[in-house]
Protein chains: 2
Amino acid sequence: MTSNIHTTVEQWDLFELTMEGPQEGNPFLDVTLEALFLSPSGTSFCVRGFYDGEGRYSVRFMPEETGEWSYRTDSSTAALSGREGHFTCKPTTGNNHGPVRVRHQFHFGYADGTPYLPMGTTCYAWTHQDEALQEETLVTLKNGPFNKMRMCVFPKSYQYNENEPPYHAFEGSQETGWDERRFNPAFFRHLEQRIADLRDLGIEADLILFHPYDRWGYAKLSPETDDRYLRYITARLSAYRNVWWSLANEYDLMKSKTTEDWERFATIVTDHDPYSHLISIHNCGPFYDYTRPWITHCSIQRVDVYRTAENTNQWRQDWQKPIVIDECAYEGNIDWGWGNITGQEMVRRFWEGAVRGGYVGHGETYVHPEEILWWSKGGQLHGSSPQRIGFLKQILEEGPEGRLDPLPSEWDVPRAGIANHYYLYYFGFNQPSYRHFRMDPGTNYQVDVIDTWEMTVQTLEGIYEGAFRVDLPGKPYIAVRLRKAE
Amino acid sequence: MTSNIHTTVEQWDLFELTMEGPQEGNPFLDVTLEALFLSPSGTSFCVRGFYDGEGRYSVRFMPEETGEWSYRTDSSTAALSGREGHFTCKPTTGNNHGPVRVRHQFHFGYADGTPYLPMGTTCYAWTHQDEALQEETLVTLKNGPFNKMRMCVFPKSYQYNENEPPYHAFEGSQETGWDERRFNPAFFRHLEQRIADLRDLGIEADLILFHPYDRWGYAKLSPETDDRYLRYITARLSAYRNVWWSLANEYDLMKSKTTEDWERFATIVTDHDPYSHLISIHNCGPFYDYTRPWITHCSIQRVDVYRTAENTNQWRQDWQKPIVIDECAYEGNIDWGWGNITGQEMVRRFWEGAVRGGYVGHGETYVHPEEILWWSKGGQLHGSSPQRIGFLKQILEEGPEGRLDPLPSEWDVPRAGIANHYYLYYFGFNQPSYRHFRMDPGTNYQVDVIDTWEMTVQTLEGIYEGAFRVDLPGKPYIAVRLRKAE
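Values in this document were obtained by computation on a predicted structure and should not be read as measured data.

Looking at this model, I keep getting lost on the overall build of chain A. Mind explaining?
Each helix and strand in chain A was counted, giving nine helices and 33 strands. The buried share among the 486 residues of chain A stands at 47%. Counting contacts in chain A only where the partners sit at least 6 residues apart, residues at least 24 apart contribute 69% of the total.

Sorry if this is basic, but what is going on with unusual backbone geometry here?
One can expect most non-glycine residues to show negative phi and most peptide bonds to be in trans. Residue and element names in this part refer to chain A. The phi torsion at Ala329 lies on the positive side, around 100°, for a residue other than glycine. Relative to the elements of secondary structure, Ala329 occurs in the loop between strand 21 (323-327) and strand 22 (331-332). What makes Ala329 buried here is the crowd of 23 C-beta atoms within 10 Å.

Would you mind showing me how to read the interface of chain B and chain A here?
Note: interface size is frequently given as the accessible area lost on complex formation between the parts. Contacts between chain B and chain A engage 27 residues on the former and 27 residues on the latter. Here the side of chain B that touches chain A takes three residues from strand 28 (residues 434-438) of chain B, the largest share from any one element. Of the residues in the side of chain B that touches chain A, the class split is twelve nonpolar, nine polar and six charged.

Explain the pairing of strand 30 (residues 456-459) of chain A to me, please; I cannot follow it from the model alone.
On a regular strand, one side chain projects to one face of the sheet and the next to the other, so that they alternate. Residues and elements named next belong to chain A. Two strands pair when backbone bridges link them, and strand 29 (residues 444-451) and strand 30 are joined in this way by four bridges, in the antiparallel orientation. Residue pairing across strands places Val449 opposite Gln458, the latter belonging to strand 30. Between the end of strand 29 and the start of strand 30, which pair antiparallel, lie four residues, with Met455 showing a positive phi angle near 65°.

How do you make sense of the nonpolar core when you look at a structure like this?
The tendency in soluble globular proteins is for nonpolar side chains to be buried as a group. Judged by nonpolar contacts, the single largest core of 121 residues is most densely connected at Met151, Leu207, Leu209, Leu247 and Ala479 of chain B. Beyond its immediate sequence surroundings of up to four residues, Leu207 of chain B is in contact with Met151, Val153, Val243, Trp244, Trp245 and Ser246 of chain B. Grouped together as the second largest cluster of nonpolar side chains are 120 residues, Cys89, Phe146, Ala169 and Ile203 of chain A included.

Help me understand the sheet that holds strand 12 (residues 115-116) of chain B in this model?
To summarise the sheet geometry, strands pair through backbone hydrogen bonds and adopt either a parallel or an antiparallel arrangement. Residues and elements named next belong to chain B. Reading across the sheet, the three strands line up as 10-11-12 and stay open at both edges, with antiparallel pairing between neighbours. In this open sheet, the two edge strands, each paired with only one partner strand, are strand 10 (100-103) and strand 12. Where strand 11 (residues 107-110) lies against strand 12, two bridges are found, and the strand directions are antiparallel. Bridging from a neighbouring strand, Phe108 pairs with Tyr116 of strand 12.

Looking at this structure, I do not really get helix 5 (residues 259-272) of chain A. What am I missing?
Because an α-helix packs 3.6 residues into every turn, residues spaced three or four apart end up facing the same way. Residue and element names in this part refer to chain A. With 14 residues, helix 5 should reach 20 Å at 1.5 Å per residue; the first-to-last C-alpha distance of 20 Å fits that figure. Among the residues of helix 5, those classed as buried are Trp262, Phe265, Ala266 and Val269. Buried residues of helix 5 fall within an arc of 100° about the axis and therefore sit on the same side. Turned more than 90 degrees away from the buried face of helix 5 sit Glu260 and Asp271, all of them exposed. Those residues of helix 5 that are buried lie in contact with helix 4 (223-237), strand 18 (243-248) and strand 19 (279-280).

Any chance you could explain the sheet that holds strand 20 (residues 298-301) of chain B here in plain terms?
Residue and element names in this part refer to chain B. In spatial order, the strands read 20-21-23; together these three strands make up an open sheet with parallel pairing. Of all strands in the sheet, those with a lone pairing partner are strand 20 and strand 23 (359-360), marking the two edges. Relative to strand 21 (residues 323-327), strand 20 runs parallel, the two being bridged by three bridges. Looking across to strand 21, one finds that Gln301 is bridged to Glu327.

Can you help me understand the pairing of strand 18 of chain A in this one?
Residue and element names in this part refer to chain A. Counting buried positions over the six residues of strand 18 gives six, a clear majority of the element. In this structure, strand 17 (residues 204-210) lies alongside strand 18, joined through five bridges in parallel fashion. When the bridges of strand 18 are listed, Leu207 appears paired with Trp245. In this sheet, strand 19 lies alongside strand 18 in parallel orientation, the contact comprising two bridges. Bridge assignment links Ser246 to a residue of strand 19, and that residue is Ser280. Taking the sense of rotation as the criterion, the β-α-β connection linking strand 18, helix 5 and strand 19 turns out right-handed.

Would you mind showing me how to read the relation of the copies chain B and chain A here?
Two chain copies, one operation linking them: a rotation about an axis together with a shift along it. Mapping chain B onto chain A is achieved by rotating through 180° and translating by 0.1 Å along the same axis, at an RMSD of 0.0 Å. Taken together, the rotation and translation relating the two chain copies correspond to the operation of a two-fold axis. Across chain B, the smallest distance between a C-alpha and the rotation axis is recorded for Arg307 of chain B, namely 3.3 Å. An overlap of 100% is found between the interface residues of chain B and their copies at the interface of chain A, pointing to a shared contact surface.

Quick question: what am I supposed to make of the environment of Gln431 of chain B here?
Residue position: Gln431 of chain B is located in the loop between strand 27 (422-426) and strand 28. Since 23 C-beta atoms lie within 10 Å of it, Gln431 of chain B is described here as buried. C-alpha separation for the pair Gln431 of chain B and His421 of chain B, spaced ten residues apart in sequence, amounts to 26 Å. Excluding residues within four positions of it along the chain, Gln431 of chain B makes contact with Asn333, Asn340 and Thr342 of chain A together with Gly474, Lys475 and Pro476 of chain B.

Got a minute to help me understand the packing of helix 7 (residues 343-354) of chain A against helix 9 (residues 385-398) of chain A in this structure?
When two helices pack together, their arrangement is captured by the angle between the axes and the distance separating the axes. Residues and elements named next belong to chain A. It is at 9 Å that the axes of helix 7 and helix 9 come closest, and there the two elements cross at 20°. What the angle tells us is that helix 7 and helix 9 run roughly parallel. Relative to helix 9, the crossing made by helix 7 is right-handed. Across from Gly343, Met346, Val347, Phe350, Trp351 and Ala354 in helix 7, the residues of helix 9 making contact are Ser385, Arg388, Ile389, Leu392 and Leu396.

Can you help me understand the packing of helix 4 of chain A against helix 5 of chain A in this one?
All names here are of chain A. It is at 9 Å that the axes of helix 4 and helix 5 come closest, and there the two elements cross at 25°. Accordingly, the angle class assigned to the pair helix 4 and helix 5 is roughly parallel. In this structure, the crossing between helix 4 and helix 5 has a hand that is right-handed. Taken together, the residues of helix 5 that come into contact with helix 4 (itself represented by Asp226, Asp227, Leu230, Arg231, Thr234 and Ala235) are Phe265, Ile268, Val269 and His272. When its residues are assigned to classes, the contact of helix 4 with helix 5 shows five nonpolar, two polar and three charged.

Scoring rules and cut-offs
- Residues numbered from 1 in each chain as written.
- Chains lettered and ligands numbered in written order.
- Predicted model: local features only at pLDDT ≥ 70, side-chain atom pairs only at ≥ 80, totals over all residues.
- Helix = DSSP H or I, 4+ residues; strand = E, 2+ residues; numbered from the N terminus.
- Buried ≥ 20, exposed ≤ 12 C-beta atoms within 10 Å, placed from the backbone.
- Contact = placed C-beta atoms within 7 Å.
- Nonpolar A, V, L, I, M, F, W, Y, C, P; charged D, E, K, R; others polar.
- Pairing = 2+ DSSP bridges.
- Core = buried A, V, L, I, M, F, W, Y, C linked by C-beta atoms within 7 Å.
- Expected span 1.5 Å × (residues − 1).
- Arc of directions from axis to C-beta.
- Right-handed = clockwise from strand over helix to strand, strands pointing away.
- Least-squares fit on C-alpha atoms with pLDDT ≥ 70 in both.
- Axes fitted to C-alpha atoms, helices over the stretch in contact; angles between N-to-C directions.
- Parallel < 35°, antiparallel > 145°, perpendicular 65-115°, else oblique.
- Left-handed = near helix turned anticlockwise from the far one by under 90°.

Right, here's the structure in full:
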C-alpha cells in the first residue's frame with residue numbers, strides 16, 4: 001500500500017511518502033495524519049500530512065541534513081498509522097542551493113551559503129491561465145533575469161482579469177456553491193507543479209495566500225475555512241524549498257480580515273512549516289507592523305507616485321529587516337499610475353533601492369490585444385526594463401560578499417559598498433558631466449563608469465587615489481564603481 | 001539747482017527729483033532727505049531720498065494714482081529742504097501694468113488687474129559681468145519666456161564665479177579696505193540701469209539683498225552697515241515698479257545673521273518701501289517661517305533630490321500664501337545634484353508645481369568653456385527647458401481667470417482648474433495609453449491632449465460628457481485639458 005518511497009533524496013529536495021487510506025466520509029476533516037522524521041544527528045521534525053483525494057494520503061518532507069533519516073507516521077486511522085521507513089539524504093548537485101534565508105540582517109542567502117539577490121517579478125494569476133500561456137510564461141522566465149515570482153494561490157478577478165480559472169480550490173461550482181469542507185486536490189496539484197517548475201528554473205515562489213481581488217468567495221471564507229486552508233497548503237507546500245509565504249497581497253484591502261486574523265494566520269503558517277520559510281505580508285496603504293517577530297522581511301508597496309525606493313535606507317533603520325519593495329509600480333501603459341511607468345523609471349527604482357541596501361521588484365502592464373498583461377497573466381515581456389534588471393543583478397553579483405549596504409553619502413548621490421574597498425554610486429535621473437570624488441587617502445582604486453541603461457561598463461585607464469575628478473557622459477542613469485586596486 | 005523735474009509721469013513709472021547739495025563731510029551719513037508726496041485724492045506718502053555722489057541728491061517716487069500730485073522736501077540741510085513742486089500722473093500705455101501684487105491669495109497680478117504668472121529664471125550675478133555679457137543676457141531674455149529674474153545686489157564668489165566684478169558697493173578697494181560708510185553710487189546706478197532694462201522687457205527683478213557666497217565682506221557687514229545699506233537701496237530702488245525684495249538667498253547659510261537680524265531687515269525694508277513691493281526670503285535647508293506677516297509669498301528651494309514641486313499643494317495649506325519654488329534645481333550637467341537635472345525633469349517640475357497651484361523657477365548650469373553658466377552669469381541659454389516653459393505659460397494664459405488652483409484629484413494624477421468648467425490633468429513621467437475620466441454628468445467638454453514636451457495640443461473630435469475614455473500617446477509628459485464646450 002505504500003508507494004513512492006524514494007530511498008535516496010537530495011538535500012533540500014522533496015521526500016514524499018504516499019499511502020492509500022479511507023475515502024469514506026470527508027477525509028479532509030475526519031482523518032489526521034502526521035509523521036515524525038528523525039535526522040542523522042538526532043533532531044526530530046513533526047510534519048503534517050494531507051489528503052490528496054481518491055484515497056491517497058501524503059506526507060512531504062524536505063531534509064536539511066545529509067545522511068540517514070528515518071520516519072514513523074501517526075494517524076487517526078489505523079491504516080495510515082505506524083508506518084516506518086528510512087531514506088538517505090545525499091548532498092546537492094547542480095542548482096539546488098537550498099531554501100533562501102535572511103542573511104546579514106538586511107540580505108538573503110541560500111541555505112548552502114550562496115548569496116541570493118532577489119530580482120523579483122510579479123504574475124499574480126499566471127497559474128490560473130490556460131496551459132499554453134503558463135508554458136509560455138515559463139519560457140519567458142527561463143530567458144529572463146528574474147529569480148523570484150510573486151503569485152497568488154487563488155485566482156484573480158480584476159480589470160484585465162475576467163477569465164475563469166481552470167481549477168478551483170474547493171469542490172463544487174460557482175453555480176451550485178462551493179463545499180468549503182472539501183478541497184479540490186487537482187487545484188493544489190497543479191499549483192505544486194508550477195512551483196516545482198519555478199524551482200527548476202531557480203526561481204523562488206513568493207506565494208500569496210490571500211488577496212482581495214475576488215469574485216468567487218476566496219477573500220471571504222469563514223475563519224474555520226481560512227485556518228483549514230492554511231493547514232492544508234502548508235502541509236502540501238512547505239517541503240518545496242523555493243516557497244516563500246506572503247500572507248496577503250494588500251492585506252489592508254481585505255476588509256473582512258482583522259489584525260487578529262493575520263496574526264492567527266501567521267501562527268498557523270509558522271507552526272506548520274517546519275523549515276521556517278521566509279514569510280511576510282504586503283500592504284496597499286498602511287504598512288503592516290514589520291517588527292512582528294514572525295515577519296522575516298518587509299514586503300513593501302510604493303508609498304508615493306514619485307518617491308519610493310529612495311526610502312529604502314530609512315526603512316532599514318525603521319524595521320531592521322531586509323527591505324523588498326515588491327511593488328514599486330509596473331512598467332507599462334495602462335491608465336492607472338501604478339501600471340504606467342517607463343522602463344527607465346523602473347530601472348531607476350531598482351538602482352535607487354539597490355544602492356540603499358534593498359531590493360526592488362518588477363511587474364509589467366502593457367496593454368495587450370488579448371488582455372494578457374504580464375503582471376497578472378504572464379506570457380511574454382514587452383518592456384525595456386528586464387534586461388537592465390539583469391544587468392544590475394550582474395553588477396551586484398560582481399560586488400564583494402554578494403550584497404550591498406548603504407554608506408554615508410553626499411546629499412545628492414547615494415552610494416553603497418564597503419568603505420575603502422568598494423563603492424557603487426548612482427546618479428539616477430541627474431546628468432553630471434563630471435564628479436569630484438573625495439576618498440580617504442591611501443587607497444588606490446580602479447574606476448568604472450557604468451551606463452545602467454546602455455548596460456556598458458567603461459573601466460578608466462589608470463589608478464585613482466584621494467581626491468580626483470571623473471568625467472561622466474552627462475546623461476541620466478549613470479553609476480560609478482570604485483574598486484580597490486590589487 | 002533743481003533739475004529733472006518731469007512735469008508728467010506715467011502711472012507706476014518713476015518720478016525723480018534731483019537736487020544739488022553739500023559734498024563736504026560724508027553726505028551719506030550727515031544729510032537726511034525726504035519728501036512728502038500728496039496724491040490727487042489726498043493720500044500722503046513720505047519718501048526717503050538719497051545721496052548719489054558728486055553733490056547730487058535724489059528723491060524717487062512711483063505714483064500709483066493718476067492726476068495732479070504735489071510734493072515738498074524736508075532735509076537736515078537747508079539747501080535741500082522745503083522744495084515744492086507738482087507733476088501730472090497720466091494713465092499707463094504699452095506694457096506698463098504696474099507692480100505685481102498677490103492676488104487671490106495664492107497668485108499674482110499686476111496693479112492694473114492683468115494676471116501675472118511668474119515664470120522665473122535665475123542669473124545671480126549677471127549684473128557683475130562685463131558689459132557685453134550683460135547685453136547678451138538681455139538679448140537672451142528678450143527672446144525667452146521668462147518674466148522674473150532672481151539676481152543678487154552683491155557680487156558672487158563661488159565655483160565658476162572667480163572673476164572680479166566691475167563695481168563694488170562701497171568706496172575703497174579689496175587691497176586698501178572698504179569704507180562701509182560711503183556707498184559707491186556708480187555701483188547702484190549700474191544696478192538700477194539693469195533693473196530698468198528688465199522692466200522694459202516686462203521682467204520682474206527679484207532682488208536678493210544678501211547672500212552667503214562672498215569673498216569681499218558683503219556677507220559680514222556690521223549691523224549698522226547692513227541697516228544703512230537697506231535704507232539706501234530701498235530709497236534708490238523702491239520706485240522701480242518691477243522690484244521684488246528677497247532678503248536673502250539661502251539665509252540659513254549666512255551664519256553671521258540671526259532671525260532677529262532678518263526680522264529687523266524686514267522691518268527696515270517694509271518701512272522704507274511705501275509701495276509694499278513683494279518680499280520674501282529664500283532658504284537652503286530649513287524654511288524661514290513663512291507665516292511672518294511681512295512675507296508676501298514663499299520663496300522655496302528644493303527639499304529633496306527627487307520630490308519637491310509635488311509638495312506645492314501641501315505648502316499652500318501650510319503657509320496660505322503663494323508658493324514660488326525659486327530653485328527646484330537647475331537644468332545642466334555640472335557635478336552637483338542641484339545643477340544637473342535634464343530639460344525633461346525641469347519642465348516636469350514646472351508642470352507638477354503648476355497643476356498644484358504654484359510656480360516653479362528655472363536656472364541653467366551647463367558646463368561652459370569660459371565658465372559662463374546662465375544660473376550666475378547669464379549669457380546664452382543652452383538647455384531644452386526654456387521653450388517648454390514658454391509653452392506652459394501659454395497654456396496657463398489660455399486658462400480661465402489667469403490662474404490655476406488644484407482640485408481634488410485621483411491619487412495618481414494631479415489636476416487643477418475650476419470644477420465643471422475647466423480641468424488640466426498632468427501625467428508627469430507616467431506613460432498611460434488611455435485614461436478614463438469620470439466627470440459629473442451634465443457638462444459637455446472639449447478635450448485637448450497636450451504633449452508638454454513636443455509642445456503640441458491635439459483637440460479631439462466631438463464633445464465629451466460624464467464618464468468617458470481618452471486615448472493618450474503612451475509616453476511621458478502628457479497633459480489633458482477639459483474645457484466646457486460653449
